[in-house]
Amino acid sequence: MDRLLDIEADARRAFDAIRKGGIAILPMDVGYSLIGSGDAALRKIFDTKRRAPSKLNAMVGDQAIHREIHLLDTRQRAIVDAIVQDHGLPLGLIAPGRMDHPLLRALSPEMLARSTKDGTVLMLLNAGAFEEAIGRLSLRHGVPLFGSSANLSLSGTKFRVEDIEPEVLGIADVVIDYGLRKWHFYRQSSTLIDIRTVTATRKGSCFDVIADILARQFAITLNDPTLA
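This structure is a prediction, so every number in the text was calculated from the model and none was measured.

Cut-offs and rules
- Residues numbered from 1 in each chain as written.
- Predicted model: local features only at pLDDT ≥ 70, side-chain atom pairs only at ≥ 80, totals over all residues.
- Heavy atoms only, no water.
- Salt bridge = Lys/Arg side-chain N within 4 Å of Asp/Glu carboxyl O.
- Helix = DSSP H or I, 4+ residues; strand = E, 2+ residues; numbered from the N terminus.
- Phe/Tyr/Trp six-rings, centres within 6.5 Å; stacked < 30°, edge-to-face > 60°.
- Buried < 20%, exposed > 50% of the residue type's maximum accessible area, 1.4 Å probe, protein only.
- Expected span 1.5 Å × (residues − 1).
- Arc of directions from axis to C-beta.
- Contact = heavy atoms within 4.5 Å.
- Axes fitted to C-alpha atoms, helices over the stretch in contact; angles between N-to-C directions.
- Parallel < 35°, antiparallel > 145°, perpendicular 65-115°, else oblique.
- Left-handed = near helix turned anticlockwise from the far one by under 90°.
- Nonpolar A, V, L, I, M, F, W, Y, C, P; charged D, E, K, R; others polar.
- Polar contact = N/O pair within 3.5 Å; in protein donor to acceptor, adjacent residues only side chain to side chain.

On to the pattern of salt bridges. When charged atoms on two side chains of opposite charge get close, those side chains can pair. If you walk through the whole model with that rule in mind, you get 13 salt bridges. A salt bridge links R67 to D81; its shortest N-O distance comes to 3.1 Å. Taken together, the positions of R67 in helix α3 (residues 63–69) and D81 in helix α4 (residues 74–86) put the pair 14 residues apart, joining distant regions of the chain. Residues R196 and D194 are paired through a salt bridge, measuring 2.7 Å at the closest nitrogen-oxygen approach.

Next comes the structure, spelled out in structure tokens:
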């Protein structure tokens, strides 16, 4: 009999490791992510990936975390809801954040500086059932989850665990392997949009569909950052 996924149990196992200071490789629809919480874990992720100092950590969140932390006006919220709820697409959202939220207050000054910029928080939204499950645990227990894609910097998003570099796999206390990820055919992680100006800072998964939604529903022409 084929093994069925137990998303809630797997999310709990990964979350328990992270809240104890560990690092987990998690299955997001836009590729595998390397996630931690405390200073030591996030520093290890940053150093192992060989990230440039200018690169920021992204926050793992569900819809509840997004609504509690991100500060959006009515039109901005309508844009985000159209993409992630009406059309069910993943999105890396850059938006002003409520810096007094308990999840952000739990970060040290160093990690806050590495995870926010000019009062904004980058949060991965609608990246699958596993992200939603571990996001609920994050909010319930007040443990912020941050990190980035499970790969060495500039080596490309990994959509299978077996493609992740040994150095990256080697720092993970838990690896949740759900096989080939949903949006693999884009060969890129999430599209990043700064909602303040509704501009794309990274062209990623579902960029073409997101651009069409913005054009048809909001009369917005989304820029292609690869042409800048």
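Following the structure, the description resumes.
On to the packing of aromatic side chains, then. For the coordinates displayed, the defined rule picks out 4 aromatic pairs. Taking the centre distance of 5.9 Å and the plane angle of 65 degrees together, the rings of W183 and F185 count as edge-to-face. Note on W183: relative accessible area 13%, which makes it buried. Residue F185 is classed as exposed on the basis of its relative accessible area of 52%. Between the aromatic rings of F185 and Y186, the centroid separation amounts to 5.0 Å while the plane-to-plane angle is 35 degrees, which identifies the pairing as tilted.

We now examine helix α1 (residues 7–19). Between its first and last C-alpha, α1 extends 18 Å over 13 residues, near the 18 Å set by a 1.5 Å rise per residue. Buried residues of α1: D10, A11, A14, F15, A17 and I18, and no others. One side of α1 carries all its buried residues, which in axial view fall inside an arc of 160 degrees. Of the surrounding secondary structure, the elements contacted by the buried residues of α1 are β1 (24–28), β2 (31–36), α7 (129–141) and β8 (174–175).

This next bit is on the packing of α1 against α7. Helix-helix packing: each pair is described by the crossing angle between the helix axes and the interaxial distance. Look at α1 against α7: their axes get within 9 Å of each other, and the N-to-C directions meet at 50 degrees. By the angle between their directions, the pair α1 and α7 is classed as oblique. Crossing hand, α1 versus α7: right-handed. Here I7, E8, D10, A11, R12, A14, F15, I18 and R19 of α1 come into contact with α7, specifically with A129, F130, A133, I134, R136, L137, S138, R140 and H141. Of the residues in the contact of α1 with α7, the class split is 10 nonpolar, 2 polar and 6 charged.

On to the environment of D81. Exposure remark for D81: the relative accessible area of 16% places this residue in the buried category. Filtering out sequence-adjacent residues up to four positions away, D81 remains in contact with R67 and D86. Within the structure, the side chain of D81 is placed 3.1 Å from the side chain of R67, a separation counted as a polar contact.

Here we take up the packing of α4 against helix α9 (residues 207–218). Here α4 crosses α9 at 135 degrees, and the two axes come no closer than 10 Å. Judged by the angle between their axes, α4 and α9 are oblique. Along this stretch, α4 crosses α9, giving a crossing that reads as right-handed. The segment α4 lies against α9, with R75, A78, I79, A82 and I83 engaging I210, I213, L214, Q217 and F218. Residues that form the contact of α4 with α9 fall into these classes: 8 nonpolar, 1 polar and 1 charged.

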